[in-house]
Amino acid sequence: QVQVVESGGGLVQAGGSLRLSCVASGSTFSINAIGWYRQAPGKQRELVATISSRGINYADSVKGRFTISRDNAKNTAYLQMNNLKPEDTAVYYCNAAGPLRPAGWWGQGTQVTVSS
């Protein structure tokens, strides 16, 4: 079992920055991939970025603005978000996945609101 907790969300003006954190605890040895997702009101949850041994991937909408990273020693993943836009407003979720649970474990989410 793995527990995932996100933090770092908040209210920021357009053009500003935020850094989200995702801390995993429990059977973290079973995690080999971390993904950040977001869900805006009335929309489906969408993939933002992933990091694994196979590499890093970003959604086209965030390329060049967001950076995903991982500190294995701290069981923590980060999402650095720069040049934020109002359309980035959403609840951001972290997903930690591995061979024991390919669908992954989800956190409770953290709200990001970007004002224009």
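For the structure, check the block above.
I will try to describe carefully the structure that is included in this document. (Residues numbered from 1 in each chain as written. Predicted model: local features only at pLDDT ≥ 70, side-chain atom pairs only at ≥ 80, totals over all residues. Heavy atoms only, no water.)

**Side note on the sheet that holds strand β7 (residues 66–71)**
Then, in step 1: The four strands are arranged β1-β3-β8-β7 in an open sheet whose pairing can be described as antiparallel. Only two strands of the sheet have a single neighbouring strand rather than two, namely β1 (2–7) and β7. With direction set aside, neighbouring strand axes in the sheet form an average angle of 15 degrees.
Then, in step 2: One ladder, built from six bridges, connects strand β3 (residues 18–26) with strand β8 (residues 76–81); its direction is antiparallel. Its bridge partner being in β8, Val23 is matched across the sheet by Thr76. (Pairing = 2+ DSSP bridges. Helix = DSSP H or I, 4+ residues; strand = E, 2+ residues; numbered from the N terminus. Axes fitted to C-alpha atoms, helices over the stretch in contact; angles between N-to-C directions.)

**With respect to the state of the cysteines**
Then, in step 1: Under the defined criterion, the tally for this structure stands at one disulfide.
Then, in step 2: The disulfide bridge from Cys22 ends at Cys94, spanning 2.0 Å between sulfur atoms. In this structure, the disulfide formed by Cys22 and Cys94 twists by about -75 degrees around the S-S bond and is classed as left-handed. Taken together, the residues span a long stretch of sequence, with Cys22 in strand β3 and Cys94 in strand β9 (residues 90–98) at a distance of 72 residues.
Then, in step 3: Here Cys22 falls in the buried class, since its relative accessible area comes to 2%. (Disulfide = S-S within 2.5 Å. Buried < 20%, exposed > 50% of the residue type's maximum accessible area, 1.4 Å probe, protein only.)

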